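These are the residues of each chain, in order.
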Amino acid sequence: MFAVETNTLTKRYGKTYALKDLAFTIDQNEIMVLLGPNGSGKTTLLLILATVLKPTSGNANVMGLDVSTHPTKVRQILGIAFQEARGFWRHKPADILRFHANVCGVPKAKQEALIENILKDLELWEARNKLFMHLSGGQAKRLEVAKVFVQRPRFAILDEPTSQVDLRGKRKIWAQILRLREEGSTILVATNEVREAEYLADRVTVLDEGKSVVCDTVRKLKDSITGGDIVELEIDTADNQALEHALSQLEGTVKIANSGSNRFKAYVSMAESWVPRMTDTCYRSKARILSIRVTEPSLDDVFLHFTGRALRETTNA
Amino acid sequence: MRNVIRFIWFDLKPELRPPVWIIMEWTVFLVQVGVYGVIISQLVTGINDYRRFFAVGLVIMITFDMASHTGRHFVEHAHEGRLPYLLSLPISRSKLFLAIALQGATELALMLALPLTVTLLIIGNLSLISVIACILTLFWLGFGIAGLMLGLSFIAFKSSDLYTAIVTGLSTIIIRFSTVLYPFIFLPAQYASAAAFSPLTYGSDLVRFILGFDPAVLLNPVYAVCVLAALSASTLGLGVFLIQRLVEGVKSA
């Protein structure tokens, strides 16, 4: 059984489709990252799974329960950290977490220790008795995700969990997310931060204009880009042209550019397989390799490849 | 049910630290009754000791304000981004609605504690039975008004400004065209017909009947009981229906 499964899931606001016929699955105990620019439908999908929004048509199941017909049961097994932490202006972080833990049924005996640990780990301990309205943006965001870490649900949903958070805070949140997965939770993270997706994801779903464009592991997504890897070579050879020709004939070569007397830039698919073939060719051609530098595509390039648009451009738009 | 109580307490606690708004409301009430009520009762001759009538009217107005506040609270939850959180909690929609309504009732009880006691003292009817009967009637009226305002809050869900405008206009009409401040029999015919549609007319006349005011200047209490019962059942039923079928947290693309 999938932890999450949607079929022809559609959400429409007037004439605008936020989600269109979305088919999407998450395996048990998996971290699935939804990658897409603002307006791609990430948050809408999360809110439908959390039973906060109702789908216009299609269905969505969480742990085998339909979100439309069993919303209360679905809410009992999931926890969600929203994109923006708002609305508790006159409450204190410790009180907010205590309330959340109580309502979500966290055992009383564990509660205080758990809250203290999470507050300390996310560096909110000093701010635990401040009013919410006096927290900084980063602190408020950390408090928002802290709710999920205190709850430790079977299915956790995190909407841009590290936006507004500094690098140190990001690493702490990522570590908590990985710990949650180790304990058996299934996790769905929506983000438009490539680095976050690469760090956390078991699989990535690229969402664009309400549709799933592609879904796979980060490695396979990168490998699926033809010519996605770049290998920069510095080779001492007597015949540049002959070597360039030989390299261009290798399996996996997309393009070879001679960028200097003995410098080559090769655009290849799956550099890890191409490089041994290249060294073999150089050996047979009596060419001496002076240096090799391999760079791989980022998820930005993956997004560009599958949607024809750059993730960063659409996010900033 | 435990979650409903937790919800009420969680929301109420910050309001009581310190309870400035309650004390302000009490102060306004005392000034109204002690200054305005005393002066105006000397000018009003058609009714015996108008201050007593006026004090009950003020209690009804506080009840109306607090019940309207419940609806506004709900719209604010939506606009401050708190509603999605509440909707994602493992509580059924009807319990969430119940919690919001009971929170309004609790705030109403706190707000009315002093004004109702003072009013009963002025009237000279501070007995256990009159206190219980008044509280029940006021809660009943409060539930009906809160249900009405929650229903309105769905109409004005997209804009808290629109909600405020509707409620301000409506409260002006509902309070002015009612027997909150003037006895029914003294109202001009056109005013009286409008007052017959105000729920506050029935709430205030029923409270006055319970407190032993002259029945000749009040509406028939049987009508009042029927209207309040119909109001609270229909508006609360409508509210539960709307929250279960229509409420969504935010509209995000």
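Residues numbered from 1 in each chain as written. Chains lettered and ligands numbered in written order. Predicted model: local features only at pLDDT ≥ 70, side-chain atom pairs only at ≥ 80, totals over all residues.

Turning next to the packing of helix α1 (residues 2-12) of chain B against helix α5 (residues 93-123) of chain B. For any two helices packed against each other, the geometry comes down to the angle between their axes and how far apart the axes lie. Residues and elements named next belong to chain B. The interhelical angle for the contact between α1 and α5, taken along N-to-C directions, is 45°, at an axis separation of 9 Å. Compared by their axis directions, α1 and α5 come out oblique. Two packed elements cross with a definite hand, and for α1 against α5 that hand is right-handed. For the pair formed by α1 and α5, the contact residues are N3, V4, F7, I8, D11 and L12 on the first element and K95, L98, A99, L102, Q103, T106 and E107 on the second. Looking at side-chain class alone, the contact of α1 with α5 contains 7 nonpolar, 3 polar and 3 charged residues. (Axes fitted to C-alpha atoms, helices over the stretch in contact; angles between N-to-C directions. Helix = DSSP H or I, 4+ residues; strand = E, 2+ residues; numbered from the N terminus. Parallel < 35°, antiparallel > 145°, perpendicular 65-115°, else oblique. Left-handed = near helix turned anticlockwise from the far one by under 90°. Contact = placed C-beta atoms within 7 Å. Nonpolar A, V, L, I, M, F, W, Y, C, P; charged D, E, K, R; others polar.)

We now examine the domain arrangement of chain A. When the domains of chain A are assigned, the result is domain 1 (4-222) and domain 2 (226-296). Using C-alpha coordinates to define each centre, domain 1 of chain A is positioned 44 Å away from domain 2 of chain A. (Domains from an automatic or database assignment.)

Below, the discussion takes up helix α1 (residues 42-49) of chain A. Residues and elements named next belong to chain A. In terms of burial, α1 is largely enclosed, as 8 of its 8 residues are buried. Buried within α1 are the following residues: K42, T43, T44, L45, L46, L47, I48 and L49. Taken from the residues just after α1, T51 is the one with a positive phi, measuring 65°. (Buried ≥ 20, exposed ≤ 12 C-beta atoms within 10 Å, placed from the backbone.)

Relative to the assigned elements, T279(A) resides in helix α10 (residues 271-284). Along the primary structure T279(A) and A109(A) are separated by 170 residues, whereas in three dimensions their C-alpha atoms are 62 Å apart.

Attention now goes to the pairing of strand β13 (residues 263-268) of chain A. Residues and elements named next belong to chain A. The side-chain alternation of β13 yields one buried face, formed by F264, A266 and V268, and one unburied face, formed by R263, K265 and Y267. Taken together, the 6 bridges between strand β11 (residues 229-236) and β13 define a ladder with antiparallel strand orientation. Opposite D229, over in β13, you have V268 as the bridge partner. Examined bridge by bridge, strand β12 (residues 253-258) and β13 share 5 bridges and lie antiparallel to one another. What sits directly across from T253, in β13, is V268. The hairpin turn running from β12 into β13, its antiparallel successor, is 4 residues long. (Pairing = 2+ DSSP bridges.)

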